[in-house]
Protein chains: 2
Amino acid sequence: MNSHSPRRKIGFLGGGQLARMMILEAHRLGLEPHVFTANANDPAAQATRFTTIGKLQDIKSLENFLEKMDLVTFESEFAPPETLKALEKSSKKRIFPSPEIMRVLQNRLSQKQTLQKFKIPTAHFFPVSTAQDLMAAWNSLNGAFVLKKNFGGYDGYGTFFAKKISDLKGLEEKLQTEPQGFIAEQMISFQRELAAIFVRSANGKTLCLPLVETHQTQGRCDWVRGPLTHKQWPFMQKKIFKMMKGLDYVGALGVEMFDTGRELLVNELAPRVHNSGHYSQQALLESQFTLHLKAGLGEHLNPVQVLAPQFVMTNLLGESDKELVPPNDLKGVLHLYGKTENRPGRKMGHVNYLGPKGSKLLSAALKERKKFQL
Amino acid sequence: MNSHSPRRKIGFLGGGQLARMMILEAHRLGLEPHVFTANANDPAAQATRFTTIGKLQDIKSLENFLEKMDLVTFESEFAPPETLKALEKSSKKRIFPSPEIMRVLQNRLSQKQTLQKFKIPTAHFFPVSTAQDLMAAWNSLNGAFVLKKNFGGYDGYGTFFAKKISDLKGLEEKLQTEPQGFIAEQMISFQRELAAIFVRSANGKTLCLPLVETHQTQGRCDWVRGPLTHKQWPFMQKKIFKMMKGLDYVGALGVEMFDTGRELLVNELAPRVHNSGHYSQQALLESQFTLHLKAGLGEHLNPVQVLAPQFVMTNLLGESDKELVPPNDLKGVLHLYGKTENRPGRKMGHVNYLGPKGSKLLSAALKERKKFQL
């Protein structure tokens with residue numbers, strides 16, 4: 001099969017909404033999207049005829065799946081170590097980002113060390129596995145810190161705050177529960193959170209999507225708006241591009257940042273498409289999902305074309321176990337994930353908006369969200 | 001289930017590229033798209049987990065399929081009469097456009113009579129089933145005409161030209177082959193062909209997408225560009241809206257027109273999404289595929305938002321039986337249909353372009369098409 005053949009089989013590990021949205025773009029590009037997931041009715045599995053039912057821990061069925069694919073990518077950074085090992089073995093396959101990169105970035109401590117290695121500004125941190133470490137972290141980070149699980153923390157899960165010294169006692173108990181340990185991070189007082197999607201193609205070319213503001217509610221993405229500028233942004237871009245080259249990174253990379261008013265600090269890297277980039281489905285000629293696939297295919301990346309002066313994305317987070325119902329006269333562009341059950345806090349979909357310069361796009365979008373049954 | 005429930009089951013009759021592109025949008029809207037088609041690997045069947053294998057003539061399996069759907073639509077106007085009859089019977093189901101409308105518009109003669117009834121400018125015509133009719137048509141249409149099959153003609157198939165009186169002899173033989181007969185249409189000398197997609201929601205609201213120029217090669221759509229204006233366009237829009245209301249039409253309607261320099265004449269109505277509207281996937285905030293679904297759901301239709309001053313779509317028609325291969329550095333936005341076999345003249349995909357005012361977008365697009373292996 002020709003290396004540019006569009007009929008290549010591309011495998012997605014994981015069947016949630018991120019895989020679903022990548023699969024919709026894969027169809028458009030003429031690829032044959034296959035999904036490896038636990039349930040036949042998972043969001044991504046609904047959107048393709050080619051589904052393999054399995055868990056990432058089932059190495060045998062994973063290997064069978066890999067055998068059939070021309071290209072494989074991840075929907076989440078939290079593949080178990082034995083899965084990554086199996087993926088590394090099947091080296092003839094082009095897996096992107098590489099299993100080695102996933103191993104480094106899925107662990108909070110080694111991710112922070114990577115940022116440090118590439119001189120990317122980030123909050124100070126301290127590895128923690130014992131009660132003594134907690135006290136040492138308290139002293140080293142000038143009192144008050146955020147304790148995070150090294151593995152598997154996301155959307156605010158696995159994050160704990162030490163605001164006064166008496167909090168340390170309660171945190172001690174947490175330490176027993178995590179084989180991969182914790183990291184204590186300096187508490188950053190920030191004005192706002194920013195983010196951007198970076199992309200690097202297997203052909204070595206890179207690009208960066210617009211800088212956006214992201215707003216979280218209870219640790220989950222609530223809304224995103226852009227495009228923004230920041231005086232430290234060109235410097236930060238240069239640093240991230242250098243890191244991607246150094247790692248030989250392939251695919252989309254979500255970069256979450258704190259804006260302290262003066263400087264930008266990287267909070268977190270997500271080695272995949274990311275909620276902060278969903279606006280790109282309407283606001284850009286090519287979305288983060290398309291770009292991730294083109295990157296994996298080693299295709300040329302065109303300059304980013306932004307289609308409106310302002311854009312906003314609002315997340316639809318469940319607030320009940322009732323069925324999600326959109327308003328009949330929705331102005332925004334709806335994206336639902338096909339989840340069969342709603343529940344409080346669950347990411348059920350999002351809505352994208354484009355607007356002219358100076359319009360009150362965000363407040364109109366938030367107002368429209370109130371019309372949903374969530 | 002709530003009438004606005006996004007998890008409604010929507011059935012697509014037919015599994016080609018039009019159903020495929022509607023299905024990709026149905027996923028986005030959170031609908032559950034089901035396809036009724038002959039082969040499991042048909043373009044649309046690849047893009048959903050819910051496929052029923054069957055032919056439109058298999059009334060029993062069609063009825064079983066209908067039974068399970070909340071909403072049903074067509075990919076083609078050429079459903080056989082017995083199929084339309086079965087669809088009419090299951091009246092509880094919301095089928096759009098209605099089977100009655102499909103029956104009227106799928107037949108060239110009754111379609112022309114409908115245009116006439118609503119006083120929509122169109123070329124003169126003459127029903128033909130005998131040799132005498134051919135001669136009468138020749139006299140009535142001032143010599144020279146186009147002979148078209150009443151049923152099943154598309155993309156230039158089933159169309160024959162009578163340019164000199166001696167051609168009539170050859171056409172006589174054709175007459176025996178078509179149970180539904182032929183229609184002779186006045187030969188129109190036009191400057192260019194124009195088209196537009198109209199949409200009417202089940203809630204009664206209508207809209208019209210931008211007027212475009214379409215260029216055919218050997219009866220098939222070759223490229224489309226827009227947006228355009230024409231001094232007769234507002235008049236024509238009013239007429240078409242009136243017809244849609246009169247027919248209680250629901251869904252997208254493709255309208256092909258001749259521009260004679262002075263006037264616009266409707267050439268053909270396609271009661272479905274249409275090749276001349278594919279540009280809308282990039283150039284509009286909501287594509288024809290989305291709008292067709294929203295129309296069937298009875299949703300509010302937002303004013304059309306055009307995202308660029310100029311747009312172009314080029315069709316990818318097969319030129320060989322080799323695999324279609326896009327250039328690695330494609331500038332346009334690729335849409336491939338997942339067809340497993342290429343062949344000359346087959347619609348394999350299309351490419352969409354957006355551009356600034358005054359740019360040579362069409363010639364750049366046609367130049368880029370030469371870089372495909374087709």
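Before reading further, recall that the structure is shown in the block above.
Figured I'd write up the structure that's included with this text. Keep in mind that this is a model prediction, so the values were computed, not measured. (Residues numbered from 1 in each chain as written. Chains lettered and ligands numbered in written order. Predicted model: local features only at pLDDT ≥ 70, side-chain atom pairs only at ≥ 80, totals over all residues. Heavy atoms only, no water.)

**Comments concerning the overall build of chain A**
Helix and strand counts for chain A stand at 11 helices and 18 strands. The C-alpha radius of gyration of chain A comes to 21 Å, within 12% of the 21 Å expected for a compact globule of 374 residues. The principal-axis extent of the C-alpha atoms belonging to chain A is close to 60 × 50 × 45 Å. Counting all 374 residues of chain A, 61% fall into the buried class. Surface summary for chain A: the accessible area is close to 15,100 Å², and the carbon and sulfur share equals 51%. (Helix = DSSP H or I, 4+ residues; strand = E, 2+ residues; numbered from the N terminus. Rg over C-alpha atoms; globule rule 2.2 N^0.38 Å. Buried < 20%, exposed > 50% of the residue type's maximum accessible area, 1.4 Å probe, protein only. Areas by Shrake-Rupley, 256 points an atom, 1.4 Å probe, with all protein chains shown as cover.)

**Here we look at empty space enclosed by the protein**
In the structure shown here, the tally under the stated rule is 4 cavities of 30 Å³ or more. Each pocket or cavity is described by its volume, and for the largest cavity that value is around 640 Å³. Among the secondary structure elements, those contributing two or more residues to the lining of the largest cavity are α1 (17-28), α9 (280-283) and β17 (333-336) of chain A together with α1 (17-28), α9 (280-283) and β17 (333-336) of chain B. (1 Å grid on protein atoms, 1.4 Å probe; cavity = no way out; pocket = protein on both sides within 12 Å on 5 of 7 lines; lining within 4 Å. Points joined across faces, edges and corners; volume = space filled by probe spheres on them.)

**Re helix α11 (residues 361-369) of chain B**
Residues and elements named next belong to chain B. Of all the residues in α11, the buried ones are L361, L362, A365, E368 and R369. On an axial view of α11, the arc spanned by its buried residues comes to 125 degrees, and they lie on one face. On the buried face of α11, the contacting elements are β13 (220-228), β16 (310-317) and β18 (347-355). (Arc of directions from axis to C-beta. Contact = heavy atoms within 4.5 Å.)

**Digging into the nonpolar core**
Counting residues in each nonpolar core, the largest one holds 120 residues, and the members touching the most others are Y279(A), F12(B) and Y279(B). In this structure F12(B) touches A19(B), M22(B), I23(B), A26(B), P33(B), H34(B), V35(B), F36(B), F65(B), T73(B) and L293(B), once residues within four positions along its chain are discounted. (Core = buried A, V, L, I, M, F, W, Y, C linked by side-chain atoms within 4.5 Å.)

**Overview of the packing of aromatic side chains**
To describe a pair of aromatic rings, you give the distance between the ring centres and the angle between the ring planes. On inspection of all chains with the given rule, the structure shows 16 aromatic pairs over all chains. Where F36(B) meets F65(B), the ring centres are 5.2 Å apart and the plane angle is 50 degrees; that geometry is what we call tilted. Pair noted here: F36(B) is in strand β2 (residues 32-37) and F65(B) is in helix α2 (residues 59-68), with a separation of 29 residues, a long-range link. For the pair F36(B) and F65(B), a shared accessibility class is recorded, and that class is buried. Both rings, one in F198(B) and one in F241(B), keep their centres 5.4 Å apart while their planes meet at 75 degrees; by these two values the pair is edge-to-face. Remark: F241(B) occurs in helix α8 (residues 233-247) and F198(B) occurs in strand β10 (residues 192-200); sequence separation between them is 43 residues. Among the aromatic side chains, those forming a connected cluster through ring pairs are F198(A), W233(A) and F241(A). Geometry around F161(A) places K163(A) over its ring, the cationic atom sitting 5.2 Å from the centre. (Phe/Tyr/Trp six-rings, centres within 6.5 Å; stacked < 30°, edge-to-face > 60°. Lys NZ or Arg CZ within 6 Å of the ring centre and 35° of its normal.)

**Digging into the pairing of strand β13 (residues 220-228) of chain A**
Residue and element names in this part refer to chain A. Across 6 bridges, the pairing between strand β12 (residues 211-217) and β13 is antiparallel. By the bridge assignment, T214 is partnered in β13 with V224. Two strands pair when backbone bridges link them, and β13 and strand β16 (residues 310-317) are joined in this way by 4 bridges, in the antiparallel orientation. Looking across to β16, one finds that R225 is bridged to V312. (Pairing = 2+ DSSP bridges.)

**Considering the sheet that holds strand β1 (residues 9-13) of chain B**
Residue and element names in this part refer to chain B. With parallel pairing, 5 strands are arranged side by side in an open sheet as β3-β2-β1-β4-β5. A strand with exactly one partner marks an edge of an open sheet, and here the two such strands are β3 (50-53) and β5 (94-96). Recorded for the sheet is a direction-independent mean angle of 20 degrees between the axes of neighbouring strands. Sheet topology places β2 next to β3; 4 bridges connect them, and they run parallel. In the sheet register, V35 faces β3, and the bridge partner there is T51. Sitting on the sheet, helix α10 (residues 288-296) touches β1, β4 (71-74) and β5, and the angle it makes with β5 is about 145 degrees. (Axes fitted to C-alpha atoms, helices over the stretch in contact; angles between N-to-C directions.)

**Overview of the packing of α1(B) against α10(B)**
Residue and element names in this part refer to chain B. It is at 9 Å that the axes of α1 and α10 come closest, and there the two elements cross at 70 degrees. With respect to their mutual orientation, α1 and α10 come out roughly perpendicular. For the element pair α1 and α10, the recorded crossing hand is right-handed. Taken together, the residues of α10 that come into contact with α1 (itself represented by L18, M21, M22, E25, A26 and R28) are F289, T290, H292 and L293. Considering only residue class, the contact of α1 with α10 consists of 6 nonpolar, 2 polar and 2 charged. (Parallel < 35°, antiparallel > 145°, perpendicular 65-115°, else oblique. Left-handed = near helix turned anticlockwise from the far one by under 90°. Nonpolar A, V, L, I, M, F, W, Y, C, P; charged D, E, K, R; others polar.)

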